[in-house]
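Chain by chain, the residues run as shown.
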Amino acid sequence: MVIFAAVNALPGDFAQAILGQGATQEAVTQIRADLGLDQNYFSRYLGWLGNVLTGDLGISFAQMNFATGMGGDQVSLVGVAEQIEPRFRATMFLAGVTALIAVPISIILGVLAALYRNSLFDRVVNITTLSSISSPEFFLAYILILLLAVLNPIFPSLSNVYEGMALGEKLNRTMLPALTLTLVVTAHMMRMTRAAIINLLASPYIEMARLKGISPVRVILRHALPNALAPIINVIALNLAYLITGVVVVEVVFVYPGIGQLFVDSVKIRDIPVVQACCLIFAAAYILLNLMADILSILSNPRLRHPK
Amino acid sequence: MSWGINLILILIATGAVAWGFRYAGQQLTSNKPLYRDMSFAVAFGYVFGVVICVGAILYYFQPIDKKGVQAAGVVFFRWAVHGFTGFAIAAYLFRLFGRSVGTTVTRKLFRSMPLTAAFGVLVIIIYAVVSIFAGSIAPYGQEEVLAGSNIVPGGNPLMGGDPEFPLGTDQIGRDIFSRLIFGAQNTVGIAFATTCLAFFVGGSLGFLASIVGGWLDQLLSRAVDVLMAIPALIFALLLMTIASVWSNQLGIDRTIFMILIIAMIDSTRVYRLSRAVGQNIVVMDYIEAAKLRGEGMAYLIFKEILPNAMAPLLAEFGLRFCFVFLTIASLSFLGVGIQPPLADWGTMVKDLSQFINFAAFAPNVATAPLLAAGAIALLTVAVNFVVDWMLHKSSGLKE
């Protein structure tokens, strides 16, 4: 996997960042030696790769105690893996809730828009979704905060979820970020569903079904939808990948303790092991979901499942 | 949960009315096809639409109390309605203007234009004018710190405003109106420059790969695959981390690094498209003829392929501009993009975002962050509308 190389070729001097402007040269070299930053990129990369393969993501620079003993106190250190794990679960929870809301809504809207295409309903749905997909996430987030948290206090505007919270409470707090993400991803999925179904409506077997006198709803649900499944599944998987990776801004707005928040914080203080690990997770999720999209679209198409 | 029960009751009532509406239609028009073939869902849709319209009108004319949450909601709703109708009327007038003034070609263009596209063109023109002449439009400088800080928008002295600053001032006393105008120059200008750079790099490499083929094509395509494996925003954040160190060491402005980074990331997407388009063109006979004439590579790319690939590339340019613009805004929002004291919409949203919590008591105050975010949203929506229309027109879809 060449991606690791791209992620890992990271210069960026944490030592200078932490000591600030007035650092002496000796102190900088001391910390660099402690962290192994004085070795060349190649050996560091190999070492890191080996550790990743054995499940060890390294130790966050920020967690090291530089004031006393230059990182010698290994007992109280929290590894990157332990730091990321609860946050990763929180992000997955958010993505899951969003997917549960967004996927049914977008498919239903897409089918309805294809059924009543070029009607007023179709146009309204189209314009609304196009606007919501093209506005920045933080705009949608603040509009939702304004409407649902400040003006009509239904949901809390800060979603500070923690481990061991009751599910109902957790859902309530996750609702606003999930709704924001829903608005962002629904448009793409809905338009794809609509386009895929409309594309199929010109084919002869749809004509045949219509001439048999089947109702339009049944034509679309029984004859068009199963054949349009491959592109729809593809776009759903792409959007799920977006959900896991594109949550950064939304998590920052709502102070949601997910992996995106951690990533931004680490970027700001140049905490390289954490940044690396987050990038790795994001890239892995992205690639896995894309792979899954390909596999699912093959599974949903009998012609691809039984190659001649 | 009372609002949930109310909602269900309203839905049931709507369903009953819809059934009655269809039945009455069938009886009164003696089974005209329109009513005879109407499914229940369609009737429900009609009645539901009417219910929503009536509800909105009632809400709009609801009297405003002196204080309280309900009043603020009505105020915001009225603003939204005013903004929406204002833009719709402006777009309609603009289209009328375009239909009666100008050459035959532009008139024809405007005649086939839907209202959304007219709106998009109008907004883009306004943004272009504002960002080019920002220096002479804005009443104050973008970095100018003025007398009073935290002046409330609205210009009403009784509410803590000041007529000299119609949109108020921020925490350290800079005029928000001027910063919004300069933000157009900075944000839009930088996004435009970045998109142009991405198109130049991605487009020429893509065409080059499609002409030369072979190992160069393989090399470039695999490199692009690697870069595209990492999500764009994440990758941009990662590279900005490095760039921030370099910019300190080399003394180059961080904004330049940001332009280069985003241009690089987005040029991969442009490369994919231009290579795909280019490969369809390269097999044509006229390219063969030009090659046999002994034309150079640059001539082939810019004189033969580029004019024939213009339509998809233009549509892509619009979309790409939106993505770049949103990425820059998000980066600035996260604090690693355009750096203060330059005025920028993403940073402004971040800085002013706390004001939104006062929305219930003083709707004026909450508009400050929403204006900057709304400015971003307005431009991207406008570009998207125009691109949508262009694609629709060039694909010749009638469905």
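Going along each chain's sequence as written, the residues are numbered from 1 onward. Written order determines the labels here, with chains lettered from A and ligands numbered from 1. Only residues with pLDDT of at least 70 get local features here, since the model is predicted, and only at 80 or more are side-chain atom pairs given and counted; chain-wide, interface and lining totals rely on the full set of residues.

**Student:** Which parts of the structure should I look at to understand the overall build of chain B?
**Tutor:** Strands are runs of DSSP state E lasting at least 2 residues, helices are runs of H or I lasting at least 4, and numbering of each runs from the N terminus. A tally of helices and strands in chain B yields 16 helices and 0 strands. With C-beta atoms placed from the backbone, the exposure class of a residue follows from how many other C-beta atoms lie within 10 Å of its own: 20 or more, buried; 12 or fewer, exposed; in between, partly exposed. Across the 399 residues that make up chain B, the buried fraction comes to 38%. Pairs at least 24 residues apart make up 66% of the contacts formed inside chain B by residues separated by at least 6 positions. Contacts are defined on C-beta atoms placed from the backbone: any two residues whose C-beta positions lie within 7 Å are in contact.

**Student:** So what exactly am I meant to see when it comes to the overall build of chain A here?
**Tutor:** When helices and strands are tallied, chain A shows 15 helices and 0 strands. In chain A, which comprises 308 residues, the share counted as buried stands at 40%.

**Student:** So what exactly am I meant to see when it comes to helix α12 (residues 285–293) of chain B here?
**Tutor:** The element α12(B) is largely exposed, with a buried count of 0 among its 9 residues. One or two positions beyond α12(B), positive phi appears at Gly294(B), with a value near 90°.

**Student:** Is there a simple way to explain the environment of Ala237(A) in this structure?
**Tutor:** All names here are of chain A. Relative to the helices and strands, alanine 237 is located in helix α11 (residues 229–245). For the pair formed by alanine 237 and leucine 183, sequence separation is 54 residues and the distance between their alpha carbons is 16 Å. In this view, alanine 237 contacts Leu289, Asn290, Met292, Ala293 and Leu296; residues no more than four positions away in its chain are not counted.

**Student:** Mind showing me how you'd approach the confidence of the model for chain B here?
**Tutor:** Any residue range with low pLDDT should be treated as having predicted coordinates unsuitable for detailed reading. Residue and element names in this part refer to chain B. Across the chain, each position has a pLDDT score giving the predictor's confidence in that residue, from 0 to 100. With 81% of its residues at a pLDDT of at least 70, chain B reaches an overall mean of 78. α12 holds the highest mean pLDDT among the elements of chain B, 86, whereas helix α7 (residues 134–137) holds the lowest, 71. Predicted as a complex, the structure gets a pTM of 0.76 and an ipTM equal to 0.72.

**Student:** What's the story with the environment of Ile236(A) in this structure? I'm lost.
**Tutor:** Residues and elements named next belong to chain A. By the element assignment, isoleucine 236 lies in helix α11. Residue classification places isoleucine 236 among the buried positions, given that 23 C-beta atoms sit within 10 Å. Taking C-alpha positions, isoleucine 236 is 9.7 Å from serine 106, a pair spaced 130 residues apart along the chain. When sequence neighbours within four positions are dropped, the list of residues in contact with isoleucine 236 reads Val103 and Met189.

**Student:** How should I be thinking about the packing of helix α14 (residues 310–334) of chain B against helix α15 (residues 345–352) of chain B in this particular structure?
**Tutor:** For any two helices packed against each other, the geometry comes down to the angle between their axes and how far apart the axes lie. Residues and elements named next belong to chain B. In the contact formed by α14 and α15, the axes pass within 7 Å of each other and the chain directions differ by 35°. Of the two possible hands of crossing, α14 and α15 adopt the one that is right-handed. Facing Ile328, Ala329, Ser330, Ser332 and Phe333 of α14, the residues of α15 in contact are Trp345, Gly346, Thr347, Val349 and Lys350. Basically, the charged four are Asp, Glu, Lys and Arg, the nonpolar ten are Ala, Val, Leu, Ile, Met, Phe, Trp, Tyr, Cys and Pro, and anything else, Gly included, counts as polar. Class assignment for the residues of the contact of α14 with α15 results in 5 nonpolar, 4 polar and 1 charged. Interaxial angles span 0 to 180 degrees and are taken between N-to-C directions of axes, which are lines fitted to C-alpha atoms, for helices over the stretch in contact. The sense of a crossing depends on the near helix, which, turned anticlockwise from the far helix by less than a right angle, makes the crossing left-handed and, turned clockwise, makes it right-handed.

**Student:** So what exactly am I meant to see when it comes to the domain arrangement of chain B here?
**Tutor:** The figure often quoted for interface size is the accessible area lost as the parts come together. By the assigned domains, chain B splits into domain 1 (2–61) and domain 2 (176–395). For domain 1 of chain B versus domain 2 of chain B, the separation of C-alpha centres amounts to 46 Å. Domain start and stop points were drawn from an automatic or database domain assignment.

**Student:** Got a minute to help me understand the packing of helix α9 (residues 204–211) of chain A against helix α10 (residues 216–224) of chain A in this structure?
**Tutor:** Residue and element names in this part refer to chain A. Running from N to C, α9 and α10 cross one another at 140°; their axes reach a closest spacing of 10 Å. Between α9 and α10, the angle falls in the class oblique. In the crossing of α9 with α10, the sense of the turn from one axis to the other is right-handed. When α9 is examined against α10, the residues Tyr205, Ile206, Ala209 and Arg210 are found in contact with a partner set consisting of Val219, His223 and Ala224. Class assignment of the residues belonging to the contact of α9 with α10 gives a composition of 5 nonpolar, 1 polar and 1 charged. For classification purposes, an angle smaller than 35 degrees is called roughly parallel, one larger than 145 roughly antiparallel, one from 65 to 115 roughly perpendicular, and anything else oblique.

**Student:** How should the confidence of the model for chain A be read in this particular structure?
**Tutor:** All names here are of chain A. On average, residues of chain A score 69 in pLDDT, and 64% of them are at 70 or above. Taken element by element, the predicted model of chain A shows its lowest mean pLDDT in helix α2 (residues 14–19) (40) and its highest in α9 (86). Taken as a whole, residues 1–42 scores under 50 in pLDDT and shows 50 contacts with residues more than four places along the chain or in a different chain. This model gives residues 62–77 a pLDDT under 50, and the stretch forms 18 contacts once residues within four places in sequence are excluded.

**Student:** What is the right way to read the environment of Tyr271(B) from this model?
**Tutor:** Residue and element names in this part refer to chain B. Secondary-structure assignment places tyrosine 271 in helix α11 (residues 254–282). Tyrosine 271 gets classed as buried once you count the C-beta atoms within 10 Å, which come to 26. With sequence-adjacent residues up to four places away left out, tyrosine 271 is seen in contact with Gly202, Leu205, Gly206 and Val224.

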